[in-house]
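A closer look at the structure
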Amino acid sequence: MDELELLKKDWNKENGGFTKKTTAELYAMLHKKSSSIVKTLFYISVAELLFWIVINSIPYMTSEEYQKKLNTIYDNEFLFTGLTVLSYGIILLFIYLLFTSYRSISVTDSAKKLMESILKTRKIIKYYVLYNLIMAGFSLIIGFYFAFKHNPAVSGKFSHLGNMELIVTTIVIIVFITVFILVIWFFYRIIYGLLLKRLNRNYNELKKLEF
Amino acid sequence: MNKEQEHNFIALLEKHQNIVHKVCRLYTNNQDAHNDLFQEITIQLWKAFPKFRGDAKFSTWMYRVSLNTAITLYRKSKRTISTQDFNGVAFKIKTEQYDDTEEQQLKTLYKAIHQLNDIEKALVFLYLEDKDYREISETLGISEVNARVKMNRIKTKLKTILNP
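Keep in mind the model is a prediction, meaning the values are calculated, not measured.

What follows concerns the overall build of chain B. Counting its secondary structure elements, chain B contains 8 helices and 0 strands. Starting at the N terminus and walking to the C terminus, you meet the elements of chain B as α-α-α-α-α-α-α-α. Buried positions account for 55% of the 164 residues belonging to chain B. Taking contacts inside chain B between residues at least 6 apart in sequence as the whole, the part at least 24 apart equals 66%.

Pasting the structure below:
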């Protein structure tokens, strides 16, 4: 195509009309901070890890009285310890997966491979958040159940309700918890959606070329 | 990284800085954004420099890192232009007076290419840099046949825009 050949000639002109960066300017640039999406993704994932670790640790940081109550709720100590070990094990597993995933992101890979590594990392964070939300949902439902069953203050308040009213109350609580979790999930989708919009678009464009 | 490595890197970057400038010219639309992207590419090049092995040409290695930064890693600031649909561009160009002088033709060409999507820009960039289809396919991670097919489609699109 003649036009592109014309452009090629202009494109490969010696200086290209650019203002050359001086050695001093280039040195200064090396020590500035990157604002790449990988870095942003990294900060978000660290924040999420910490957030959920703190949330999971709240029961241990509360008063002794509350801990005693917790022990009566989970009267089976083996089950309680087992669940704690499992939840921290899962957090450690996610930290390991995230770490190896970040290490596999290399700017010297092909464009497609680089995008895939970033999307894989994002997927790990997504599963981590999903796991925590599901656990939070279950914990809330189980918490309500035990409060009804074992806490006289709570069960007293609902004792005057008939069967039908009790069912309606239960449904309302479950719907409330589900909506609460969905809102948080939706919020996450928006954050990642905005951050990775361009990456997703370009990745889809590259994938389209393979058909 | 030690001082000597830093010195070597700067010397190489200074020599080949036109590659980075050209990528910035394609992916940004004003000087501030150009400088922003230049900065980010420099950081990414520097971070990846320890992995650079002398067996590849520095310039070839730069193409990959620079394009990857522009297409994938760089978070566009509000100052940079957003990628538009090609059809929208065609309309805009058609309505402008088309002067056949070389300068005007170049201007129109740059304008058209500037508004291709990110991947199409990368293909055009490597094509203008005289890279063969093997290198283009390896840089983007697509097959050689697909790189060729896509490049031909871009050429046809450009032809249609320039000669409506």
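Before going further, it helps to examine the overall build of chain A. Helix and strand counts for chain A stand at 9 helices and 0 strands. Listing every helix and strand of chain A by position from the N terminus yields α-α-α-α-α-α-α-α-α. Counting across all 211 residues of chain A, residues that qualify as buried make up 36%. Look at the contacts in chain A between residues 6 or more apart in sequence, and 73% of them connect residues 24 or more apart.

The subject of this paragraph is the side chain of Lys22(B). Relative to the assigned elements, Lys22(B) resides in helix α1 (residues 3-27). Lys22(B) gets classed as buried once you look at its relative accessible area, which sits at 7%. Residues contacting Lys22(B), with those up to four places away along its chain left out, are Trp11(A), Asn12(A), Phe18(A), Phe125(B) and Glu129(B).

The partner chain B presents 65 residues to the 51 residues of chain A that form the contact. Across the interface of chain A and chain B, roughly 5600 Å² is buried in total on both sides, 60% from carbon and sulfur atoms. It is Trp11(A), Phe18(A) and Arg198(A) in chain A that bury the most area against chain B; as a group they hold 15% of the surface buried on that side. Inspection of the chain A/chain B interface yields 3 salt bridges. Note that Lys150(B) is salt-bridged to Glu205(A), the shortest N-O span being 3.6 Å. Our count for the contact surface shared by chain A and chain B stands at 29 residue pairs in polar contact (both at pLDDT 80 or more). Those elements that provide at least two residues to the side of chain A that touches chain B are α1 (2-11), α2 (23-30), α3 (37-61), α6 (111-150) and α9 (197-208) of chain A. Of all the elements, α1(A) adds the most residues to the side of chain A that touches chain B, at 8 residues.

Parameters at a glance
Residues numbered from 1 in each chain as written. Chains lettered and ligands numbered in written order. Predicted model: local features only at pLDDT ≥ 70, side-chain atom pairs only at ≥ 80, totals over all residues. Heavy atoms only, no water. Helix = DSSP H or I, 4+ residues; strand = E, 2+ residues; numbered from the N terminus. Buried < 20%, exposed > 50% of the residue type's maximum accessible area, 1.4 Å probe, protein only. Contact = heavy atoms within 4.5 Å. Buried area = accessible area lost by both parts, 1.4 Å probe. Salt bridge = Lys/Arg side-chain N within 4 Å of Asp/Glu carboxyl O. Polar contact = N/O pair within 3.5 Å; in protein donor to acceptor, adjacent residues only side chain to side chain.

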